[in-house]
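# Topology and contacts: notes
Spelled out from the first residue to the last, the chains are:
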Amino acid sequence: MENELTSVVDALPGLVWTALPNGHVDFVNRQWCKYTGLSVEDSCGKRWQKAIHVDDLPQLLERWQSSISSGEPCEAEVRMRRFDGAFRWFLFRANPITDGSAVVIKWCGMNWDIENLKQGEKLLAESEQRFKTIFDEAGTGITLVDLVSGEPLQNNRALQKMLGCSEEELSHFATFDELTYEPNRSVDADLFRELYDGKLDTLRMEKHFMLRDGSSVWANVIFTLLRDADKRPRYIIAMHEDITERKRAIEALEANQELLELAQKAARAMAFDWHIQKQVNTWSPQQEALYGLAPGTFDGTYESWKKLIHPPDWPAVVESLKHAQQTGDISAEFRVVWPDGSIHWLMANGQMFFDDQGRPSRMVGFTADITSRKRVEEELRRSAAFLAQAQQVSSTGSFSWYPSITSEITWSDELYRIFELDRTTPVTPERISKRVHPNDLAAFNETIEQARATGNDFECQYRLLMPNQSIKYVHVVAQARQDQYGQLEYIGTAQDVTERRRSEEAVDKARSELVRVARVMSLGALTASIAHEVNQPLSGIITNASTCLRMLDADPANIEGARETARRTIRDGHRASDVITRLRALFSKKDGVYELVDLNQATREVIALSRNELDRNRVILRAELADDLPLVRGDRVQLQQVILNLLRNGSDAMTGVYDRPRELVLKTERDEAGLVRLSVQDVGTGFDPQTMDRLFQAFYTTKDGGMGMGLSVSRSIIETHHGHLNATPNDGPGVTFWFSIPCDDEKMTDEAGGPRIAVTDQTTAVRHG
Amino acid sequence: MTTRPLISVVDDDESVRESLPDLLKEFGFEAQAFSSAEEFLASDSVNETSCLLLDVAMPGMTGPDLQRELTIRRQEIPIVFITAHRDEGVRPRLIAQGAVDCLFKPFDETDLLEALNNALRVS
């Protein structure tokens, strides 16, 4: 019986063992010995533990001890060492055998080989992990819809990223509905419904999503229906592939195609693709039309093409083809003769392809009719030639300058010649300034700065110092205008006026000498006459006084005679004083011609008169004449003398100025008191405030060549006009001389004075006769 | 000499005509004044005059004109020119033409006296 039992136990497909209540193993079957390679002897007691994987042993022993204590069955999964050293997973199970009073009398155990089961589990876990990884990490957006709950069950990161939503948001159909491009919403929903109802197994659609951030996404979506064992729809998997880029590219391509057609139409250029040797007409009707051919009449051969080209242009075409042979680029302009005999200019641009023998096989490109362009070019060339000739003859160059966009100035050839500059490098104000005479540089820079800042027209003359140290005079006139894009552009001319300047200077010098002599002469005569008039009574006074003294010194003193001579002395004193009064009357000149005077116009005439003198003194005159200046009543010529005098004074005051532009600002305006005010502001050396009062005295001068009469006479003229002439030191360098006189709408008390000798200038704006 | 020398003053300026004779008389001369060269030539004094105090610039006949006229008439009267035009170039010219001196108005009595003494010495 025991033997029979033993053979049964040995035959059991498991490792069977028994243990004493204290856990000591007292029996193992043959399977155990066979698997572990241990003998019964080696397995009894605690020795069996050698067969357990060391990592699994502690846990096993803990449970085993616990079961021994409690008498509860024990179960554990452990790896067991096979006789060859390999480990396999076993299910370790032990049940207690108890007596009638539930006391454990024996443990009976069996270990099952569960290695294969374990392997299966592991594979399944790995597979699940793999799937999860794919699901999570896939570039494709995936969602799994559970048709039992009717909601999306799962979605992956790619989908969340694609649609800009959280995992939670995408677990509701409402979210998908919201994102679907509104016009497509119902159609998409209908399609999906068919799938949902099991009418379709797969569905592909391009879905257009409008995302919450305002961007849009195109997705190619493949829905797959999964059914359960009973073929009932169970899940839907939807795979979203982002095709936004592709969509955009296609749209762009379509736009390009349209653009190409538009461009062809607009440029009147036709694309051609000509397989030359196939002798097949691959020309479009439009291409044929450029050659004056009826649609479909071109036979596609090289020879026929050659015949269409205007013979004189053929060599140039051949040259272009040779060039194309080397570079592949076709670029040619040539004339074609239409069947009606008319000649047309064509331009061809494109690419040439060659066959194995290097012969041209295919040409791809554009042809455009450029007849009108050629005509315009020809006209431009002709007028440019005219202009160049005119510029050369007149030594005048022209330029264009966009001060706000670029420092570069576009120059005509003549300007390069005048300035003797290399025409390969761009011209800038900085480059020009290297040619400007050092003494004129400040004025030149000032002009450039003004132009940049104000956008006003300008006119000026500068000296150039050429590399060979010769001097050239250049007269520049520039007009500001807005070009078609609203940009400020100066268009102007610069003329070499050296020759003219030289002769002008000679004339000027002679004239200025003459003027100086005349000035000195008249003042000399005036002084002499004053001296003569005053010396007469003075002579009487001194003679009388001598006589008087002698009469008093006589013995006896001639008191009566002395009294008489003293009386005569007094009378002569009065006479001298009368002479002075007469002179003042002479200066005040009350018999002026009073008329209505436009002070601006009078000023412009003075400026015109003094232009040369100011230029020679390198004075920049800026005239700011008020538009709304009222007329004044006065002696026009006298007022002009005053203005001229102020301009000269200002100009003379700046002769020693080299470190700044010699700028005179002449301003007319209506002041706060309603008077008409004219001021001349210089940047000259100025004067000591203490000498201010003496400025207007006769014979006071700060100038080497002056007699000191100008300001005194000027003041008396202005006072005759019921005005004031004054000088104020500037905040910066120099002085402002100004006068203000009442305008016509204020009654002049002296209006009736003086005969009206009409010295009316036809250019004056005498508005009231 | 018991008779005092006669000094004739020819000047268009009234204050000179009034003041100068009084001073000359104080010097101890006889003095007469004429408002123009013509008036002097027409007077009896031409032959009596020991010295002529003659203004250069006058309306009508000028001082130098009168000098020429007297030379032509061989009336050798010493002449002292007086002028209110202070022109230094005039003085040597007039002296070269025979004048004793040329005084610029206003002159002081010392210069006048010296010039007169020179003139009278010449005569």
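What counts and what doesn't
Residues numbered from 1 in each chain as written. Chains lettered and ligands numbered in written order. Predicted model: local features only at pLDDT ≥ 70, side-chain atom pairs only at ≥ 80, totals over all residues. Heavy atoms only, no water. Helix = DSSP H or I, 4+ residues; strand = E, 2+ residues; numbered from the N terminus. Buried < 20%, exposed > 50% of the residue type's maximum accessible area, 1.4 Å probe, protein only. Contact = heavy atoms within 4.5 Å. Areas by Shrake-Rupley, 256 points an atom, 1.4 Å probe, with all protein chains shown as cover. Pairing = 2+ DSSP bridges. Axes fitted to C-alpha atoms, helices over the stretch in contact; angles between N-to-C directions. Salt bridge = Lys/Arg side-chain N within 4 Å of Asp/Glu carboxyl O. 1 Å grid on protein atoms, 1.4 Å probe; cavity = no way out; pocket = protein on both sides within 12 Å on 5 of 7 lines; lining within 4 Å. Points joined across faces, edges and corners; volume = space filled by probe spheres on them. Nonpolar A, V, L, I, M, F, W, Y, C, P; charged D, E, K, R; others polar. Phe/Tyr/Trp six-rings, centres within 6.5 Å; stacked < 30°, edge-to-face > 60°. Parallel < 35°, antiparallel > 145°, perpendicular 65-115°, else oblique. Left-handed = near helix turned anticlockwise from the far one by under 90°. Buried area = accessible area lost by both parts, 1.4 Å probe. Expected span 1.5 Å × (residues − 1). Bend = angle between axes of the 7 residues up to and from the residue. Polar contact = N/O pair within 3.5 Å; in protein donor to acceptor, adjacent residues only side chain to side chain. Disulfide = S-S within 2.5 Å. Core = buried A, V, L, I, M, F, W, Y, C linked by side-chain atoms within 4.5 Å.

### Some thoughts on the overall build of chain A
- For chain A, the count of helices and strands is 22 helices and 26 strands.
- Per-residue burial over chain A gives 41% buried out of 769 residues.
- Within chain A, counting contacts between residues at least 6 apart in sequence, those at least 24 apart form 51% of the total.
- Accessible surface, chain A as shown: approximately 43,200 Å² in total, 54% of it carbon and sulfur.

### Regarding the overall build of chain B
- Within chain B, the regular secondary structure consists of 6 helices and 5 strands.
- The burial tally for chain B puts 50% of its 123 residues in the buried class.
- When contacts within chain B are restricted to residue pairs at least 6 apart in sequence, long-range pairs at least 24 apart make up 60% of them.

### Let's talk about the side chain of A:Thr543
- Along the chain, A:Thr543 turns up in helix 17 (residues 498-553).
- Residue contacts for A:Thr543: discarding those within four places in its chain leaves B:Ser19, B:Leu20, B:Leu23 and B:Phe107.

### Examining the sheet that holds strand 8 (residues 202-210) of chain A
All names here are of chain A.
- Taken in spatial order, the 5 strands of this open sheet run 7-6-10-9-8, and their pairing is antiparallel. Of all the strands in the sheet, just strand 7 (151-155) and strand 8 have a single pairing partner and so form its edges. Adjacent strand axes in the sheet meet at a mean angle of 30° when their direction is disregarded.
- Pairing of strand 6 (residues 141-146) with strand 7, which is carried by 4 bridges, proceeds in the antiparallel orientation. Bridge pairing in strand 7 links threonine 143 to asparagine 155.

### Structural notes on the pairing of strand 25 (residues 724-729) of chain A
Residue and element names in this part refer to chain A.
- Sheet topology places strand 25 next to strand 26 (residues 735-741); 6 bridges connect them, and they run antiparallel. The residue bridging histidine 724 from the neighbouring strand is serine 740, located in strand 26.
- Joining the antiparallel neighbours strand 25 and strand 26 is a turn of 5 residues, in which glycine 734 adopts a positive phi near 95°.

### A word on the pattern of salt bridges
- Counting across every chain of the model gives 48 salt bridges over all chains.
- Residues A:Arg567 and A:Glu564 are paired through a salt bridge, measuring 3.0 Å at the closest nitrogen-oxygen approach. In this pair, A:Arg567 and A:Glu564 are both assigned in helix 18 (residues 559-588), 3 residues apart and thus about one turn of the helix distant.
- Taking the shortest distance from any N to any O, the salt bridge between B:Arg91 and B:Asp101 comes out at 2.7 Å. Taken together, the residues B:Arg91 in helix 5 (residues 90-96) and B:Asp101 in strand 5 (residues 101-104) connect sequence positions 10 residues apart.
- On the accessibility criterion, B:Asp101 (12% relative accessible area) is buried.

### A look at the layout of surface pockets
Residues and elements named next belong to chain A.
- In this model, the second largest pocket occupies a volume close to 1,000 Å³.
- In terms of lining, the second largest pocket is formed by 41 residues, of which the most central are Glu459, Cys460, Arg611, Ile620 and Leu621.
- Of all the secondary-structure elements, those providing two or more residues to the lining of the second largest pocket are helix 16 (438-454), strand 17 (458-465), strand 18 (471-482), helix 17, helix 19 (599-616), strand 21 (619-625) and strand 23 (662-670).
- Element by element, the count of residues in the lining of the second largest pocket is highest for helix 16, at 9 residues.
- For the lining of the second largest pocket, the per-class residue count stands at 18 nonpolar, 8 polar and 15 charged.

### Remarks on the packing of aromatic side chains
All names here are of chain A.
- Applying the stated criterion across every chain, the model contains 18 aromatic pairs over all chains.
- On the basis of an interplanar angle of 50° and a centroid distance of 6.1 Å, the ring pair of phenylalanine 192 and tyrosine 196 is categorised as tilted. Here phenylalanine 192 pairs with tyrosine 196, and both are found in helix 8 (residues 185-196), just 4 residues apart, close to one helical turn.
- Here tryptophan 411 and phenylalanine 419 contribute two aromatic rings whose centre-to-centre distance is 4.8 Å and whose plane-to-plane angle is 50°, an arrangement assigned as tilted.

### Overview of the packing of helix 1 (residues 14-27) of chain B against helix 6 (residues 109-122) of chain B
Residue and element names in this part refer to chain B.
- At a minimum axis distance of 12 Å, the contact between helix 1 and helix 6 shows a crossing angle of 65°. Looking at the two axes, helix 1 sits roughly perpendicular to helix 6. The handedness of the crossing between helix 1 and helix 6 is right-handed. Where helix 1 abuts helix 6, its residues Leu20, Leu23, Leu24 and Phe27 lie against Glu109, Leu112, Leu113 and Leu116.

### Observations regarding the interface of chain B and chain A
- Across the boundary between the two partners, chain B contributes 20 residues, which contact 21 residues of chain A.
- Both faces considered, chain B and chain A share a buried interface measuring about 1,800 Å² in area, 51% of it formed by carbon and sulfur atoms.
- Scanning the region where chain B abuts chain A turns up 4 salt bridges.
- B:Asp22 is paired through a salt bridge with A:Arg568; the nearest N and O atoms lie 2.3 Å apart.
- The biggest single contributor to the side of chain B that touches chain A is helix 1 of chain B, with 10 residues.
- Tallied by class, residues from the side of chain B that touches chain A come to 7 nonpolar, 3 polar and 10 charged.

### Overview of the sheet that holds strand 23 of chain A
Residues and elements named next belong to chain A.
- Here we have 5 strands laid out as an open sheet, ordered 21-23-24-26-25, and mixed in their pairing. A strand with exactly one partner marks an edge of an open sheet, and here the two such strands are strand 21 and strand 25. The average undirected angle you get between the axes of adjacent strands in this sheet is 15°.
- Set on the sheet, helix 19 makes contact with strand 21, strand 23, strand 24 (676-681) and strand 26; between it and strand 21 the angle comes to about 170°.

### Concerning helix 19 of chain A
Residue and element names in this part refer to chain A.
- Between its first and last C-alpha atoms helix 19 spans 25 Å; for 18 residues at 1.5 Å apiece the expected length is 26 Å, and the two agree.
- The axis of helix 19 is deflected most strongly, by about 50°, at serine 610.
- Two to three positions downstream of the cap, the backbone nitrogen of asparagine 600 sits 3.0 Å from a side-chain oxygen, assigning the N-cap of helix 19 to aspartate 598.
- One or two residues past the end of helix 19 sits arginine 618, with phi positive at roughly 60°.

### Here we look at the state of the cysteines
- Within the structure shown, the criterion is met by 0 disulfides over all chains.
- Its sulfur unpaired, A:Cys44 is 8.5 Å from the next cysteine sulfur, which belongs to A:Cys33.

### Some words on unusual backbone geometry
- Note the cis peptide between A:Asp555 and A:Pro556, where omega equals 0°.
- Between B:Lys105 and the following residue, B:Pro106, the backbone shows a cis peptide bond with an omega angle of -5°.
- Topologically, B:Pro106 is positioned in the loop between strand 5 and helix 6.
- With a phi angle near 55°, A:Glu420 is a residue other than glycine that sits in the positive phi range.
- Turning to its location among the elements, A:Glu420 is positioned in the loop between helix 14 (413-419) and helix 15 (429-433).

### Section: the nonpolar core
Residues and elements named next belong to chain A.
- Core analysis: the largest hydrophobic core is formed by 36 residues, its most contacted members being Leu599, Leu646, Leu664, Leu666, Leu678 and Phe739.
- Listing elements by their share of this core, those giving two or more residues are helix 19, strand 21, helix 20 (636-653), strand 23, strand 24, helix 22 (710-720), strand 25 and strand 26.
- Apart from residues no more than four positions distant in its own chain, leucine 646 is found in contact with Leu678, Val680, Leu711, Leu725, Phe737 and Phe739.
- Within the second largest apolar cluster, 27 residues are counted, among which are Tyr416, Tyr462, Leu464 and Ala494.

### Quick look at the side chain of A:Ser679
- If you trace the backbone, A:Ser679 turns up in strand 24.
- Excluding residues that lie within four positions of it along the chain, A:Ser679 makes contacts with A:Val665, A:Leu666, A:Lys667, A:Glu669, A:Thr736, A:Phe737 and A:Trp738.

### Quick notes on the environment of A:Tyr490
Residues and elements named next belong to chain A.
- The topology assignment puts tyrosine 490 in strand 19 (residues 488-496).
- With relative accessibility at 0%, the residue tyrosine 490 sits in the buried group.
- Sequence separation between tyrosine 490 and phenylalanine 399 is 91 residues, and the spatial gap between their C-alpha atoms is 7.9 Å.
- Among all residues touching tyrosine 490, those that are not within four sequence positions of it are Phe399, Ser400, Trp401, Pro403, Ala451, Gly455, Asn456, Asp457, Phe458, Ala478, Gln479 and Ala480.

### Re empty space enclosed by the protein
Residue and element names in this part refer to chain A.
- All told, the structure shown has 4 cavities of 30 Å³ or more when counted by the stated rule.
- Taken as a whole, the largest cavity holds about 230 Å³ of empty space.
- Around the largest cavity, the lining comprises 19 residues; the ones closest to its centre are Phe399, Ile432, Phe444, Ile448 and Val476.
- For the lining of the largest cavity, the secondary-structure elements that each account for two or more residues are strand 15 (396-401), strand 16 (409-411), helix 14, helix 15, helix 16, strand 17 and strand 18.
- For the lining of the largest cavity, the leading source of residues is strand 17, giving 4 residues.
- Its residues assigned to classes, the lining of the largest cavity shows 18 nonpolar, 1 polar and no charged.
- When its volume is computed, the second largest cavity comes out at roughly 120 Å³.
- Lining the second largest cavity are 15 residues, with Phe272, Trp305, Phe334, Ala348 and Met363 positioned closest to its centre.

By themselves, these figures tell us nothing about what the structure is for.
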